[in-house]
Amino acid sequence: MLGFCRGRRKFLAASLTLLFVPAVTWIYLFTGHFDDGKSVSLSPLDAQPHSPRYAASSQRESLEVRVREVEEENRVLRKQLSLVQGRRSSHRHGNRSKTYSMEEGTGDSENLRAGIVAGNSSECGQQPVVEKCETIHVAIVCAGYNASRDVVTLVKSVLFHRRNPLHFHLIADSIAKQILATLFKTWMVPAVRVDFYDADELKSEVSWIPNKHYSGIYGLMKLVLTKTLPASLERVIVLDTDITFATDIAELWAVFHKFKGQQVLGLVENQSDWYLGNLWKNHRPWPALGRGYNTGVILLLLDKLRKMKWEQMWRLTAERELMSMLSTSLADQDIFNAVIKQNPFLVHQLPCFWNVQLSDHTRSEQCYRDVSDLKVIHWNSPKKLRVKNKHVEFFRNLYLTFLEYDGNLLRRELFGCPSETDVNSENLQKQLSELDEDDLCYEFRRERFTVHRTHLYFLHYEYEPAADDTDVTLVAQLSMDRLQMLEAICKHWEGPISLALYLSDAEAQQFLRYAQGSEVLLNRRNVGYHIVYKEGQFYPVNLLRNVAMKHVSTPYMFLSDIDFLPMYGLYESLRKSVVQLDMSNTKKALIIPAFETLRYRLSFPKSKTELLSMLDMGTLFTFRYHVWTKGHAPTNFAKWRTATTPYRVEWEADFEPYVVVRRNCPEYDRRFVGFGWNKVAHIMELDAQEYEFTVLPNAYMIHMPHAPSFDITKFRSNKQYRICLKTLKEEFQQDMSRRYGFTALKYLTAENNS
């Protein structure tokens, strides 16, 4: 059939070419230019009889007459084609609707092509052309952590192929809204608008419907889209989160032009035998027309649905059927099909390639011949990539391509389509334009303004802070090469953890597989994993820390690093210290003394006494004593050895201890990237804001050995790197002087004396 359609298209194109090209060519050669069908006079001499130009003019006039005759013949041909195609279409649809009306009396081949395509049957797979800059509206119901992660793959596939502005309407719960609002804001994709609608407010609309489907109450919310979406919105494409596009979504949007009569729903036939009721003994599905329709992809004509009183229609149908069915098995799909069973005229059936379903018991292979013709893949099987299908490798590769595709590449501008300029984007461009590209430290300065795509709570997170307001969250950041530390930290720290992970899209999927395969990590729901996607040439260490800090829900946080293991019981010990030192009413930074081992295998000390013994034996050392003593010297380890009560220490130059502070403490300064001064600057700011540094006498943490980071290697080997770091330090100190005045002068003095 596809071959036949292609052949017919070629024949029509060839026929039209034979009609149009000779006429247009002769007109062009003899008249040079036409304006509204009239020739343009080249000079007054052209009007003189007996002149060669007069003869040419007469010839042109006769040609014009012939051209008009050809145009009239073309108009008649177009009308005949329209009628023929219209009769075919009416016959196929049971004469339920009017034929497509083509524009007559014009030589515009684009109108002709659109008319022929609209008259063709759906098996040809062609659609009318969508306006170049027309906005395409997409609605998705998305709730929870897993769905928020799954929908990203769908969005990537749509963005990859699209050539039109997009407007996503996301019906989301509070979790999905927080995740996706941050994701889209930091993604900064041009010509994409996102609006959110509170799914929790819609629960009352559908909560009366008993539902056995795993999607729960959110699986019923497509039913209320006519009421939820703006009254001004006339049409929308509705998608499940487990959809992958293999073509431009504009092709699907164009199908709306094929709706006729009272058709208001565009759906693909269900490819499983579910609604036939023969899957097992006593299987009793909801009523459906034949095989029924799958609601993973829906075209909704919202304006007409509202006029038809869709709300009343589906509610009455659901109430009637629930009297005997008692509950839905496939959520909204059961109710959509029950309505269609009573009102088959509502449906415009889409070709199966717009929703190739890979669920269990499907016969999707029978609805298409060649995978190259497929448009949308629907991963509606609980087994996902393990489905049985002869083309499963093709489907799997398509899915994995977008799963691991670098989302930063989708930030490209739409050519020729004006879009509303985002305020954040404008500010960013202004900041970047103020930088001097000839500055040797330009790349360092630019990094401060780089917007990194961020996916919060990449995995399920579940934790309620303790009611006594003493709770503490461990905060850290990491990249792929420190992933092995996660399990050890979870064993040492039983409290909540907030982590920022700097990963590529492909690495994020590796991390997901690692976490889902770890029994230790699977058993911890109180760890928030926030993915900050890679971009630029520097490791944005302080941005990562800020992301992790921003999503702490406890009153206090322990600012650590991923390569440190806290002592056993530190979580509970810190909660007691918070009370004893009156942290809620004072500005304190509690210092956890830091030690290190050079051994990859360490019998971790279970008490201060055991740790001191290991120090004496040379198994442990104070952190960086041999390369950077100034970083932790003010902790006063000699005093700590015998201390039994907390003691206060003063700030000194280059001090960078690990501290416990209130959640509202200052952020880290983003100008410091890679290696060097990132923690030092933060501690300096705490001191400027008059935090008291208090060392805890019975607390400790131990740094575990690892290979040097890429950034410290650059610092050691690249002179320009060190020069730029020194420049940034000086600028930071100047900023401190401006912000804190006279009290900040000590930082300049201390730096000069060190």
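Now for a quick tour of the structure. These numbers come from a predicted model, not from an experiment. (Residues numbered from 1 in each chain as written. Predicted model: local features only at pLDDT ≥ 70, side-chain atom pairs only at ≥ 80, totals over all residues. Heavy atoms only, no water.)

## Section: the state of the cysteines
Selection criterion: When the sulfur atoms of two cysteines come within 2.5 Å, that pair is taken as a disulfide. Helical segments are the DSSP runs of H or I of at least four residues, strand segments are the runs of E of at least two, and each set is numbered from the N terminus. Exposure classes here rest on a 1.4 Å probe applied to the protein chains alone. A residue is buried below 20% of its type maximum, exposed above 50%, and partly exposed in between.
Under the counting rule described, the total for this entry stands at two disulfides. Disulfide pairing is shown between Cys-133 and Cys-417; the S-S distance is 2.2 Å. On the sign convention where negative means left-handed, the S-S torsion of about -95° between Cys-133 and Cys-417 marks this disulfide as left-handed. Taken together, the positions of Cys-133 in the loop between α3 (109–119) and β3 (136–142) and Cys-417 in the loop between α12 (392–403) and α13 (423–433) put the pair 284 residues apart, joining distant regions of the chain. Taking relative accessible area as the criterion, Cys-133 reaches 32% and is therefore assigned partly exposed. The partner cysteine of Cys-441 in its disulfide is Cys-724, sulfur to sulfur 2.1 Å.

## A closer look at a negative patch on the surface
Note the cut-off: Candidates for patches are residues over 30% relative accessible area with no salt bridge; among them, like charges are joined within 9 Å and nonpolar side chains (Val, Leu, Ile, Met, Phe, Trp, Tyr) within 5 Å. Here the open area of atoms and residues is found with the Shrake-Rupley method and a 1.4 Å probe, where only the protein chains shown may cover a residue. When a carboxyl oxygen of Asp or Glu lies within 4 Å of a side-chain nitrogen of Lys or Arg, that pair is called a salt bridge. Here the positive residues are Lys and Arg and the negative ones are Asp and Glu; neither His nor the chain ends is included. Here the site of a charge means NZ on Lys, CZ on Arg, CG on Asp, or CD on Glu.
Taken together, the side chains of Asp-436, Glu-437, Asp-438 and Glu-443 make up a negatively charged region of the molecular surface. Secondary-structure assignment places Glu-437 in the loop between α13 and α14 (442–447).

## Concerning the pairing of strand β14 (residues 472–479)
Here is the key point about a regular strand: its side chains alternate between the two faces of the sheet. Note the cut-off: By definition, two strands form a pair when at least two bridges between them are found by DSSP.
The buried count for β14 comes to eight of eight residues, which makes it a mostly enclosed element. Of the two faces of β14, the one carrying Val-472, Leu-474, Ala-476 and Leu-478 and the one carrying Thr-473, Val-475, Gln-477 and Ser-479 are both buried. Here β14 runs beside strand β17 (residues 556–559); their pairing, made up of four bridges, is parallel. Pairing of Leu-474 across the sheet is with Phe-558, part of β17. Relative to strand β15 (residues 497–503), β14 runs parallel, the two being bridged by six bridges. Across the sheet, Ala-476 pairs through a bridge with Leu-499, a residue of β15.

## Some thoughts on the packing of helix α4 (residues 144–161) against helix α5 (residues 174–187)
Inclusion rule: Where helices are involved, their axes are fitted lines through C-alpha atoms of the stretch in contact, as for all axes, and angles between N-to-C directions lie from 0 to 180°. It is the rotation of the near helix from the far one that decides the hand of a crossing: anticlockwise by less than a right angle makes it left-handed, clockwise makes it right-handed. We call two residues in contact when some of their heavy atoms are within 4.5 Å.
At a minimum axis distance of 9 Å, the contact between α4 and α5 shows a crossing angle of 35°. The element α4 and its partner α5 pack so that their crossing is right-handed. Across from Gly-144, Tyr-145, Ser-148, Val-151, Val-152, Val-155, Lys-156 and Leu-159 in α4, the residues of α5 making contact are Ile-175, Ala-176, Ile-179, Leu-180, Leu-183, Phe-184 and Trp-187.

## Observations regarding the sheet that holds strand β22 (residues 647–649)
Taken in spatial order, the nine strands of this open sheet run β13-β16-β15-β14-β17-β23-β19-β24-β22, and their pairing is mixed. Each edge of the open sheet is held by one strand with a lone partner, namely β13 (454–455) and β22. As judged from the three bridges shared by β22 and strand β24 (residues 692–695), these two strands associate in the antiparallel manner. Among the inter-strand pairings, Tyr-647 is bridged to a residue of β24, identified as Val-695. Packed on one face of the sheet, helix α15 (residues 485–492) meets β14, β15 and β16 (527–533) and runs near 175° to β15. Contacts between helix α18 (residues 541–550) and the sheet are confined to β13, β14, β15, β16 and β17, with β14 contributing the most and set at about 145° to the helix.

## Section: the pairing of strand β8 (residues 265–269)
With four of five residues buried, β8 lies mostly within the body of the structure. The pairing of β8 with strand β9 (residues 293–301) spans four bridges and is classified as antiparallel. Looking across to β9, one finds that Leu-265 is bridged to Leu-300. In this sheet, strand β10 (residues 347–350) lies alongside β8 in parallel orientation, the contact comprising four bridges. Across the sheet, Leu-265 pairs through a bridge with Val-347, a residue of β10.

## Focus on the sheet that holds strand β7 (residues 243–245)
Strand order in this open sheet of three strands is β7-β12-β11, and the pairing throughout is mixed. This sheet does not close on itself; its edge strands, each paired only once, are β7 and β11 (356–357). In this structure, β11 lies alongside strand β12 (residues 376–378), joined through two bridges in parallel fashion. Bridged to Val-356 within β12 is Ile-377. Taken strand by strand, α12 contacts β7, β11 and β12, and its axis lies near 90° from that of β7.

## So, the pattern of salt bridges
Tallied over the entire structure, the rule returns 35 salt bridges. With its nearest N and O atoms 2.4 Å apart, the salt bridge here joins Asp-240 to Lys-222. In this pair, Asp-240 is assigned in the loop between β6 (235–239) and β7 and Lys-222 in the loop between α6 (199–206) and α7 (225–228), connecting sequence segments 18 residues apart. Taken together, the salt bridges that share partners define one network made up of Lys-156, Asp-406, Arg-453 and Asp-505.

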